[in-house]
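Listed below, chain by chain, are the residues.
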Protein chains: 2
Amino acid sequence: MSRTGAVILGLVALRPRSGYEIKAAVDSSTRFFWAASYGQIYPELKRLEEGGLIAGEPAPRGARRRRVFRITPAGREAFDAWLAQPEFSWELRDEGLLKLFFADLLPPAAALELVRARRAAHERFLARLRAIQPGPGPVAGAARFPDLVLEYGIGMNEWAIGWCDEVERALSSADERPG
Amino acid sequence: MSRTGAVILGLVALRPRSGYEIKAAVDSSTRFFWAASYGQIYPELKRLEEGGLIAGEPAPRGARRRRVFRITPAGREAFDAWLAQPEFSWELRDEGLLKLFFADLLPPAAALELVRARRAAHERFLARLRAIQPGPGPVAGAARFPDLVLEYGIGMNEWAIGWCDEVERALSSADERPG
DNA sequence: ACACACATGTAAGGCGTTACATGATTCC
DNA sequence: GGAATCATGTAACGCCTTACATGTGTGT
């Protein structure tokens, strides 16, 4: 089972969903640390069903055909096995950091511009994250992990904005007093 | 020009290098926000040379064949154009956050274990980053952007460790006082 | 003699995105 | 009538990793 398969499995474990609903759920939650497109989701649903990890049933709305998938016992088992494993891959592709890494090759003003643009990007990101509603209130000390992960994203971007501010300040003062 | 092409272009802009040296430079610097393997580097070198952005010359060491690439004026132009553009893609695949997102489906003890494992991973990451030597001392107010980016990685991981600590604490107290 | 670092590449395969194709329903 | 949303899928392509193949030089 691929990791994108695990996302799908997890979402249908929470409640039965159609492919379309899975895509919507991904886009409003895991997208920032695990994205998925239709081009992955539908073929993966097929594979998971063939593997007996999920089961789909027709659930049309009017004449609009629609299939809803629920997790099977075997699927739940596979999902739990993945989930409990405390090992995880991590991969980042950050073109902004890449440009900053090479910014010595740029005139100071252009480098400063890069930092400001990065700050603005974090600000936009933050706004999108803050627009996401946290789940229903704390259920008697329950963990509400999706909210924790949302807080992680928010905190991370706030930290990054602070970093940009520091760098901007350092760069500006170095600019004023060259040599 | 692809973004991995830009990394290669930037590294040979700093100084002429062989494919092997590019791989080593990537592994000890950009790897954490932009990785590259031999399977990308050598074909990309070929493409960049064919496009006239870099020029390779034989530079054998003994009987060991070796080619060193330097950037051409056209290459430098293309690189600068990419570098100055304050737009950048950003993509994260974080399996740890994914597991945390679904951790409501796990017994509390196992969820706690996930947080601890993430903390340990950040700790290891931090150790690797701190092992990287910063470049030569500040050259009269020069920016030393690679060092700034290194500091970014260090600061980010320190922040993440703090987040893990907070979550661990919240989880432990909820565990002691259930309901 | 053996292991490890230096050095250059290719082939196969996995993962993922984008664009396209199709059609129903709802809202203005 | 038109646009947006709901809904399912496929095809082509790009990017990247892994594994392999080959050979030299250095240190023990």
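Before any of the text, the structure's been laid out above.
Note that the structure is a prediction, hence the values are computed from the model and not measured.

What counts as what
- Residues numbered from 1 in each chain as written.
- Chains lettered and ligands numbered in written order.
- Predicted model: local features only at pLDDT ≥ 70, side-chain atom pairs only at ≥ 80, totals over all residues.
- Heavy atoms only, no water.
- Axes fitted to C-alpha atoms, helices over the stretch in contact; angles between N-to-C directions.
- Helix = DSSP H or I, 4+ residues; strand = E, 2+ residues; numbered from the N terminus.
- Parallel < 35°, antiparallel > 145°, perpendicular 65-115°, else oblique.
- Contact = heavy atoms within 4.5 Å.
- Nonpolar A, V, L, I, M, F, W, Y, C, P; charged D, E, K, R; others polar.
- Pairing = 2+ DSSP bridges.
- Least-squares fit on C-alpha atoms with pLDDT ≥ 70 in both.
- Near = heavy atom within 4 Å.
- Polar contact = N/O pair within 3.5 Å; in protein donor to acceptor, adjacent residues only side chain to side chain.
- Buried area = accessible area lost by both parts, 1.4 Å probe.
- Salt bridge = Lys/Arg side-chain N within 4 Å of Asp/Glu carboxyl O.
- Buried < 20%, exposed > 50% of the residue type's maximum accessible area, 1.4 Å probe, protein only.
- Phe/Tyr/Trp six-rings, centres within 6.5 Å; stacked < 30°, edge-to-face > 60°.
- Lys NZ or Arg CZ within 6 Å of the ring centre and 35° of its normal.

## Let's talk about the packing of helix α1 (residues 3–14) of chain B against helix α2 (residues 19–28) of chain B
The description of two packed helices rests on the angle between their axes and on the distance between the axes. Residue and element names in this part refer to chain B. Close contact between α1 and α2 brings their axes to 10 Å; oriented N to C, the two are set at 105 degrees. The pairing of α1 with α2 is recorded here as roughly perpendicular in orientation. In this structure, α1 contributes Val 7, Ile 8, Leu 11 and Val 12 to the contact, and α2 contributes Ile 22, Ala 25 and Val 26. Among the residues making up the contact of α1 with α2, the classes are represented as 7 nonpolar, no polar and no charged.

## Describing the sheet that holds strand β1 (residues 17–18) of chain A
Residues and elements named next belong to chain A. The 3 strands lie next to each other as β1-β3-β2, forming an open sheet whose pairing is antiparallel. Strands at the two margins of the open sheet, each flanked by one partner only, are β1 and β2 (54–58). Strand direction decides the pairing type here: β1 and strand β3 (residues 67–71), joined by 2 bridges, are antiparallel. Residue pairing across strands places Ser 18 opposite Val 68, the latter belonging to β3. The sheet strands contacting helix α3 (residues 38–50) are β2 and β3, and the helix crosses β2 at an angle near 110 degrees.

## Considering the relation of the copies chain B and chain A
Superposing chain B onto chain A takes a rotation of 180 degrees plus a shift of 0.0 Å along the axis, which leaves an RMSD of 0.0 Å. The transformation just described matches what one would write down for a two-fold rotation axis. No C-alpha of chain B approaches the rotation axis more nearly than that of Leu 92 of chain B, which lies at 2.3 Å. An overlap of 100% is found between the interface residues of chain B and their copies at the interface of chain A, pointing to a shared contact surface.

## Some points on the protein's contact with DNA strand C
Taken together, 21 residues sit near DNA strand C, with Gln 40 and Ala 63 of chain A together with Tyr 20, Tyr 42 and Arg 67 of chain B positioned nearest. Within 4 Å of the protein, the atoms of DNA strand C are drawn from sugar and phosphate moieties in a proportion of 72%. Arg 64 of chain A has a polar side-chain atom sitting 3.2 Å from a base nitrogen of DNA strand C. Contacts to DNA strand C include Gly 19 of chain B, whose backbone N or O atom sits 3.5 Å from a phosphate oxygen.

## Here we look at the protein's contact with DNA strand D
Around DNA strand D there are 21 residues in total, and Tyr 20 and Arg 67 of chain A together with Gln 40, Ala 63 and Arg 64 of chain B lie nearest to it. Among the atoms of DNA strand D lying within 4 Å of the protein, the sugar-phosphate backbone contributes 71%. Between DNA strand D and Arg 67 of chain A, the relevant distance is 2.9 Å, taken from a phosphate oxygen to a main-chain nitrogen or oxygen of the residue. A distance of 3.3 Å separates a phosphate oxygen of DNA strand D from a polar atom in the side chain of Ser 37 of chain B. For the surface near DNA strand D, the elements supplying multiple residues, two or more each, are α2 (19–28) and α3 of chain A together with α3 (38–50) of chain B.

## Brief notes about the interface of chain B and chain A
Every contact between the two is made by 68 residues of chain B and, on the other side, 68 residues of chain A. Taking both sides of the interface into account, the surface hidden between chain B and chain A amounts to around 6800 Å²; carbon and sulfur atoms contribute 73%. Viewed at the interface, chain A and chain B are joined by 2 salt bridges. For the salt bridge of Glu 95 of chain B with Arg 3 of chain A, the shortest nitrogen-to-oxygen distance reads 4.0 Å. Between the two partners, chain B and chain A, sit 26 residue pairs in polar contact (both at pLDDT 80 or more). Where the side of chain B that touches chain A is concerned, the elements lending two or more residues are α1, α4 (73–84), β3 (90–94), α5 (95–101), α6 (108–131) and α7 (145–176) of chain B. Sorting elements by how many residues they give to the side of chain B that touches chain A places α7 of chain B first, with 14 residues. Across the side of chain B that touches chain A, the residue classes tally to 44 nonpolar, 11 polar and 13 charged. Where strand β4 (residues 90–94) of chain A meets β3 of chain B, 5 bridges bridge the pair, whose relative direction is antiparallel. In the strand pairing of β3 of chain B, Arg 93 of chain A is matched with Glu 91 of chain B.

## Observations regarding the side chain of Ser 29 of chain A
Inspection of the secondary structure puts Ser 29 of chain A in the loop between α2 and α3. For Ser 29 of chain A, a relative accessible area of 17% gives the class buried.

## Some details on the pattern of salt bridges
All names here are of chain B. Counted according to the given criterion, the structure contains 24 salt bridges over all chains. Residues Arg 66 and Glu 21 are paired through a salt bridge, measuring 3.1 Å at the closest nitrogen-oxygen approach. Placement of the pair is Arg 66 in the loop between β1 (54–58) and β2 (67–71) and Glu 21 in helix α2, with a sequence separation of 45 residues. Salt-bridge contacts for Arg 118 lead to Asp 94; the nearest nitrogen and oxygen are separated by 2.9 Å. On the criterion of sequence distance, the pair formed by Arg 118 in helix α6 and Asp 94 in strand β3 is long-range, its members being 24 residues apart.

## Focus: the packing of aromatic side chains
Within the structure shown, the criterion is met by 20 aromatic pairs over all chains. Here the aromatic residues Phe 33, Phe 79 and Trp 82 of chain A together with Phe 101 and Phe 102 of chain B are joined through ring pairs into a cluster of three or more. Over the ring of Tyr 38 of chain A we find Lys 23 of chain A; its NZ or CZ atom is 5.6 Å from the centre of that ring.

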